[in-house]
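Here's the letter readout for the chains.
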Amino acid sequence: MTTRTTTTTTAPDTTDTGNGTEAGADTATATDTATAATTAPGTGTAAPAVPAYGTDTAAAAAPGTGTAAPATAGNATGTATTGTEPGAAEAVGGAGAGDRRSWRTPRARRRGLAPGKRLPASRLIGPALFFALWAVASAAGQLDPGAIPAPWTVLKTTGHLWTEGTLPTDVLTSLERAGYGFALGLTAGVLLALASGLSRVGEALIDGTVQLNRAIPTLGLIPLFILWLGIGETFKIAIIAIVVYIPIYLNLHSALSGIDHRFVELAEVQGLSRLRFVREIVIPGALPGFFVGLRLGVTGSWLSLVVLEQINATSGLGYMMFQAQNYGRTDIILVGLLIYGIFGLVSDSAVRLVERKVLSWRRTLSS
């Protein structure tokens, strides 16, 4: 950057400035890319306007003085030098003050993209709204009582069946069948997924067979299972186990196959044994997929149970609903459906609760 210096000398008969320096000896020197010296009328000294780099400059001279004091605002400052006499003006502001105001201005709040905090009892809002609409429509006479009884009629029937009927026995029988079938399906699904996901030989032997089984309608196996296992309780539990193990296997196998290979290389470098590799890398990486399959398996056990209990059964919720169909009791059928729905909602909520506890280290949208 080229620098030009301009020097202006005043007449020797000027008055004293009051600072112990005669005006005749005053020189105004300005260094910048461009400097202009101007002489104030009635004074003996030029008042240089010195613009600092990137700032504003103001010069103020008091009347009757021999020196004009340049007010130079430095970079990011807003203070100007005053004149030598009390009457000198003070220049304040400039670019520095504007800079301070700019960074003090609050930023616009960024819009959040996350769903936000979880609503209390959020999973009960939908069912509560459904029952409210059902009650309003029944009270307004928009629903045929013979086809869809009112909610209070269903509640009254539930109380009657619980105190004077066989509803407690039917509920316990259904829970027992679903529990046995779910336990078998869970065990089979986990073992098959581990054998197929951690071994190429196991994948070749197991995965294709499971995919073939998945393509066959499970309820279509009922006649064959009745011939193989009899028409008692065994075939019912076997069908429930098949319905449960398929989603558990699929999701767990997919989670095992999706583990990043860099973790495997890290375990090899660290010299982990096979058992430690499964415990410290495989299980934490596959747990999210396992819980998804577990939720689907729990729901599948209740879906298959309602069909199986209508085949050569003498107790259970499905048997109760089948008998109500023969007598045209839609209120009893709705009682059975509501109990199935409550069982499904409670079991799914229990699995979700366990999932949040086990996977508390994971940060997701739902958490």
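Calculation notes
Residues numbered from 1 in each chain as written. Predicted model: local features only at pLDDT ≥ 70, side-chain atom pairs only at ≥ 80, totals over all residues. Heavy atoms only, no water. Helix = DSSP H or I, 4+ residues; strand = E, 2+ residues; numbered from the N terminus. Buried < 20%, exposed > 50% of the residue type's maximum accessible area, 1.4 Å probe, protein only. Contact = heavy atoms within 4.5 Å. Core = buried A, V, L, I, M, F, W, Y, C linked by side-chain atoms within 4.5 Å. pLDDT = per-residue confidence, 0-100. 1 Å grid on protein atoms, 1.4 Å probe; cavity = no way out; pocket = protein on both sides within 12 Å on 5 of 7 lines; lining within 4 Å. Points joined across faces, edges and corners; volume = space filled by probe spheres on them. Nonpolar A, V, L, I, M, F, W, Y, C, P; charged D, E, K, R; others polar. Salt bridge = Lys/Arg side-chain N within 4 Å of Asp/Glu carboxyl O. Patch = residues over 30% accessible without salt bridge, like charges linked within 9 Å, V, L, I, M, F, W, Y side chains within 5 Å. Areas by Shrake-Rupley, 256 points an atom, 1.4 Å probe, with all protein chains shown as cover. Phe/Tyr/Trp six-rings, centres within 6.5 Å; stacked < 30°, edge-to-face > 60°. Axes fitted to C-alpha atoms, helices over the stretch in contact; angles between N-to-C directions. Parallel < 35°, antiparallel > 145°, perpendicular 65-115°, else oblique. Left-handed = near helix turned anticlockwise from the far one by under 90°.

Attention now goes to the overall build of the protein chain. Broken down by element type, the protein chain carries 11 helices and 6 strands. Looking at the protein chain as a whole, 33% of its 367 residues qualify as buried. Partitioning the intrachain contacts of the protein chain with sequence separation of at least 6 by distance along the chain shows that 56% fall at a separation of at least 24.

If you look at soluble globular proteins, the nonpolar side chains tend to sit buried side by side. Core analysis: the biggest nonpolar cluster contains 52 residues, and Ile239 and Leu317 have the highest contact counts within it. Going through the elements one at a time, helix H3 (151–164), helix H4 (167–197), helix H5 (200–215), helix H6 (222–229), helix H7 (233–257), helix H9 (274–308), helix H10 (317–326) and helix H11 (330–358) are the ones with two or more residues in this core. Looking at this core, the element that brings in the most residues is H7, giving 14 residues. Aside from chain neighbours lying at most four places away, what touches Leu317 is Leu167, Asp170, Val171, Ser174, Glu309, Ile339, Tyr340 and Phe343.

A few words on the confidence of the model for the protein chain. Confidence in the prediction of the protein chain, expressed as mean pLDDT, is 76, and 69% of residues score 70 or more. When the criterion is pLDDT under 50, residues 1–97 qualifies, and its contacts beyond four places in sequence or with other chains add up to 133 contacts.

Right, let's get into the layout of surface pockets. Approximately 390 Å³ is the volume attributed to the largest pocket. Gly197, Leu198, Arg200, Leu256 and Val264 are the residues nearest the centre of the largest pocket, which is lined by 17 residues in total. Elements represented by at least two residues in the lining of the largest pocket include exactly H4, H5, H7, helix H8 (261–270) and H9. With 4 residues, H9 is the largest single contributor of residues to the lining of the largest pocket. Within the lining of the largest pocket, the residues separate by chemical class into 7 nonpolar, 6 polar and 4 charged. In this structure, the second largest pocket spans a volume of roughly 330 Å³. In this structure, the second largest pocket is lined by Leu124, Pro127, Phe131, Trp134, Pro151, Val154, Leu155, Leu337, Leu338, Gly341, Ile342 and Leu345. Counting only elements with at least two residues in the lining of the second largest pocket, the list comes to helix H2 (125–139), H3 and H11. The leading source of residues in the lining of the second largest pocket is H11, at 5 residues. Within the lining of the second largest pocket, the residues separate by chemical class into 11 nonpolar, 1 polar and no charged.

Structurally, Ile259 can be placed in the loop between H7 and H8. Spatially, the C-alpha atoms of Ile259 and Ile281 are 8.6 Å apart, while their sequence positions differ by 22 residues. In this view, Ile259 contacts Ile281 and Val282; residues no more than four positions away in its chain are not counted.

Here we come to the side chain of Ser315. For Ser315, the location among the structural elements is in the loop between H9 and H10. Given a relative accessible area of 16%, Ser315 falls into the buried group. Beyond its immediate stretch of four places on either side in the chain, Ser315 contacts Asp170, Thr173 and Arg177.

What follows is about the pattern of salt bridges. Pairing between side chains of opposite charge can happen when their charged atoms approach one another. For the structure shown, the criterion picks out 9 salt bridges. Between Arg200 and Glu203 there is a salt bridge, with the nearest N and O atoms lying 3.2 Å from each other. Taken together, the positions of Arg200 and Glu203, both in helix H5 and 3 residues apart, correspond to about one turn of that helix. Judged by its relative accessible area of 27%, Glu203 is partly exposed. Between Arg295 and Asp348 there is a salt bridge, and its shortest N-O distance comes to 2.9 Å. Highlighted residues: Arg295 in helix H9 and Asp348 in helix H11, separated in sequence by 53 residues. When salt bridges that share partners are traced, they join Arg177, Glu233 and Glu309 into one network.

Let us now look at a nonpolar patch on the surface. Among the surface-exposed residues, Leu224, Leu227, Trp228 and Leu229 lie close enough to one another that they form a single nonpolar patch of about 460 Å² accessible area. The exposure class assigned to Leu224 is partly exposed, which follows from its relative accessible area of 35%.

Let us look at the packing of aromatic side chains. By the definition in use, this model includes 6 aromatic pairs. Between Trp302 and Phe343, the aromatic rings sit 5.0 Å apart at their centres with planes inclined by 35 degrees, giving tilted as the arrangement. Residue Trp302 is found in helix H9, and its partner Phe343 is found in helix H11; the two are separated by 41 residues along the sequence. Members of the aromatic cluster, joined through ring pairs, are Phe130, Phe131 and Trp134.

Attention shifts here to the packing of H4 against H11. Contact pair H4 / H11: the axes reach a minimum separation of 12 Å and the direction vectors enclose 45 degrees. Comparing the axis directions of H4 and H11 gives the class oblique. Viewed along their axes, H4 and H11 form a crossing whose handedness is right-handed. Contacts between H4 and H11 pair Leu167, Val171, Ser174 and Leu175 from the former with Ile339, Tyr340 and Phe343 from the latter.

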